[in-house]
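Chain by chain, the residues:
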Amino acid sequence: MKRECKKIQDKIIDIHYNELSDNTEVISHIENCSDCYTFKKNLKLTLNYMDTLDVKIDMSDLQVNIAEIIEKAEQIRNKRKDRLELLIFITTSIIFLISSVLFMANLDVRLLLYTQIFLYFNLPLILIPFYKLKTSRR
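Residues numbered from 1 in each chain as written. Predicted model: local features only at pLDDT ≥ 70, side-chain atom pairs only at ≥ 80, totals over all residues. Heavy atoms only, no water.

Now for the overall build of the chain. Along the chain, the regular secondary structure elements total five helices and zero strands. Seen in sequence order, the chain has helices and strands lined up from the N terminus as α-α-α-α-α. Within the chain, buried positions represent 9% of all 138 residues. Partitioning the contacts of the chain with sequence separation of at least 6, the portion at a separation of at least 24 is 46%. Only carbon and sulfur atoms are counted for the fraction: they give 63% of the accessible area of the chain, which is about 12600 Å². (Helix = DSSP H or I, 4+ residues; strand = E, 2+ residues; numbered from the N terminus. Buried < 20%, exposed > 50% of the residue type's maximum accessible area, 1.4 Å probe, protein only. Contact = heavy atoms within 4.5 Å. Areas by Shrake-Rupley, 256 points an atom, 1.4 Å probe, with all protein chains shown as cover.)

Right, let's get into the nonpolar core. Core analysis: the biggest nonpolar cluster contains ten residues, these being C5, I8, I12, I15, V26, I30, C33, C36, L43 and L47. Looking at this core, the elements that each hand over two or more residues are helix 1 (3-16), helix 2 (24-32) and helix 3 (34-53). The dominant element in this core, judged by the number of residues it contributes, is helix 1, at four residues. Leave out the neighbours within four places in its chain, and L43 touches I12, I13 and H16. (Core = buried A, V, L, I, M, F, W, Y, C linked by side-chain atoms within 4.5 Å.)

Per the UniProt annotation, the sites labelled "transmembrane region" (unreviewed entry) are residues 86-105 and 111-131. Spanning residues 111-131, this segment combines 100% helix with 0% strand, and its end C-alpha atoms are found 29 Å apart. (UniProt positions renumbered as here; feature names shortened; annotations may be inferred.)

Another point: the layout of surface pockets. Leftover empty space is mapped by rolling, across the atoms, a probe with the size of a water molecule. Here the largest pocket defines a volume of roughly 410 Å³. Forming the walls of the largest pocket are E85, L86, I88, F89, T92, S93, F96, L123, L127, F130, Y131 and K134. Looking at the lining of the largest pocket, the elements with two or more residues in it are helix 4 (66-106) and helix 5 (109-137). Looking at which element gives the most residues to the lining of the largest pocket, the answer is helix 4, with seven residues. Among the residues forming the lining of the largest pocket, the class breakdown is eight nonpolar, two polar and two charged. (1 Å grid on protein atoms, 1.4 Å probe; cavity = no way out; pocket = protein on both sides within 12 Å on 5 of 7 lines; lining within 4 Å. Points joined across faces, edges and corners; volume = space filled by probe spheres on them. Nonpolar A, V, L, I, M, F, W, Y, C, P; charged D, E, K, R; others polar.)

Okay, helix 2 next. All of the buried residues in helix 2 are V26, H29 and I30. The buried residues of helix 2 occupy one face: seen down the axis, they fall within an arc of 100 degrees. Of the exposed residues in helix 2, those oriented more than 90 degrees away from the buried face are T24, E31 and N32. (Arc of directions from axis to C-beta.)

What follows deals with helix 1. Given a rise of 1.5 Å per residue, 14 residues ought to cover 20 Å, and the 20 Å separating the end C-alpha atoms of helix 1 matches this to within 8%. For helix 1, the complete set of buried residues consists of C5, I8, Q9, I12 and I15. Seen along its axis, helix 1 keeps its buried residues to an arc of 115 degrees; they face one direction. Away from its buried face by more than 90 degrees, helix 1 exposes R3 and K7. (Expected span 1.5 Å × (residues − 1).)

With that settled, the discussion passes to a nonpolar patch on the surface. A surface patch of nonpolar side chains, about 880 Å² in accessible area, is lined by F96, F118, L119, L123, L125, I126, L127, F130 and L133. Broken down by element, the nonpolar patch gets its largest block of residues, eight residues, from helix 5. Tracing the chain through its elements places F96 in helix 4. Judged by its relative accessible area of 43%, F96 is partly exposed. (Patch = residues over 30% accessible without salt bridge, like charges linked within 9 Å, V, L, I, M, F, W, Y side chains within 5 Å. Salt bridge = Lys/Arg side-chain N within 4 Å of Asp/Glu carboxyl O.)

Here it is, written out as structure tokens:
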């Protein structure tokens, strides 16, 4: 194919999509060149055939609500996080319970009582800043 024919065929495509107005140079070349005439004819047949195949698809069934999907994912993540926090709480509670029982069995009851009083008064002073730190990250 000649370089000139390639340029003309590009112009034929531009003319078809109304990006270029009919040019006398292009028209005269098409009339004199069988390759470019065949190209224009095949292009027109192909595009007409594609127009008949162009079917509109009902997209109403395919609509996706992104916000709903993100919300569900967030709920799943929160459930997993809550389960992990519950597991940590239960484990910590069991450890404290077992340590208290062992502490009471091996040592004086007064020492256990003093330790518990100390923890009840001082543990909130430790846990509240951690809780505030955790909630500020959210």
